Amino acid sequence: MLRDMIKSQLTMKEIFGRYAPERKVARGRSNCPLHMGDNLNFQLYEKSFYCFKCHTGGDQIKFVAELFRISYAESIKRIAADFGLVAEKQTLTQYRQAKQLREKLKRENEKEREEVRDFFVYLVNIAKLCEKWVLKYKPNYPEQVWHPRYSFALEYQHYADYLYFNYTKDNPPAKEIREKLYKDFEKCI
Ligand SMILES: [Zn+2]
């Protein structure tokens, strides 16, 4: 959160130097720019302030809010913009998101390449298997119900070759085509 970033990263001295540069600070004390004081009533602490004359005190954000007579939320926005905290935060978020996306794509890409590689090995085996099955499960008489492996072999015997010779690992058949082959094959085993 911006509020926490300001409170943790910016000292009162830095804030004071930026918004009341005309007022000198000596041993942590200065003239109060809030009531236009001319004595050293304004105490700067590490992350807060207090004026012993007008009795205004608070954190760095409160100081800027009081100085410019704006709300606490507006003060946060102003300080963040002036010190580049918004940009830094956005940059960091964008960097992390981009990194995550790159890693995700890389993982998906590797997974896909692995699948495709497996698929081509599988195609060769399917083609060989189909050759065998066409002979082994051939019906013995015309009325015989076809064995599922025989149907599969008839359908894929040449199709497997076709896929193997018409596609490459860099230009693989669509995922649906690959998945249909796996599914059909699973039905016969
Ligand atoms: Zn004061």
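Conventions adopted
Residues numbered from 1 in each chain as written. Predicted model: local features only at pLDDT ≥ 70, side-chain atom pairs only at ≥ 80, totals over all residues. Helix = DSSP H or I, 4+ residues; strand = E, 2+ residues; numbered from the N terminus. Rg over C-alpha atoms; globule rule 2.2 N^0.38 Å. Buried ≥ 20, exposed ≤ 12 C-beta atoms within 10 Å, placed from the backbone. Domains from an automatic or database assignment. Contact = placed C-beta atoms within 7 Å.

### Examining the overall build of the chain
- Broken down by element type, the chain carries seven helices and four strands.
- Overall, the chain shows an N-to-C arrangement of helices and strands of α-α-β-β-β-β-α-α-α-α-α.
- In summary, the chain has a C-alpha radius of gyration of 37 Å against a globular reference of 16 Å for 189 residues, an excess of more than 25%.
- Counting only C-alpha atoms, the chain reaches 115 × 30 × 20 Å along its principal axes.
- Here the chain holds 189 residues, and 19% of them are scored as buried.

### Quick look at the domain arrangement of the chain
- Considered domain by domain, the chain is made up of domain 1 (2–83) and domain 2 (111–187).
- For domain 1 versus domain 2, the distance between C-alpha centres works out to 76 Å.

### Looking at the environment of F119
- Structurally, F119 can be placed in helix α5 (residues 85–136).
- Taking the C-alpha atoms as reference, F119 lies 7.3 Å from R178; in sequence the two are 59 residues apart.
- The residues touching F119, leaving out its near neighbours within four places in the chain, are P172 and R178.

### Side note on unusual backbone geometry
- Non-glycine residue R27 carries a positive phi angle of around 50°.
- Among the structural elements, R27 can be located in the loop between α2 (12–19) and β1 (29–30).
- One non-glycine residue with positive phi stands out, namely H55, at about 55°.
- Tracing the backbone shows H55 in the loop between β3 (48–51) and β4 (57–59).

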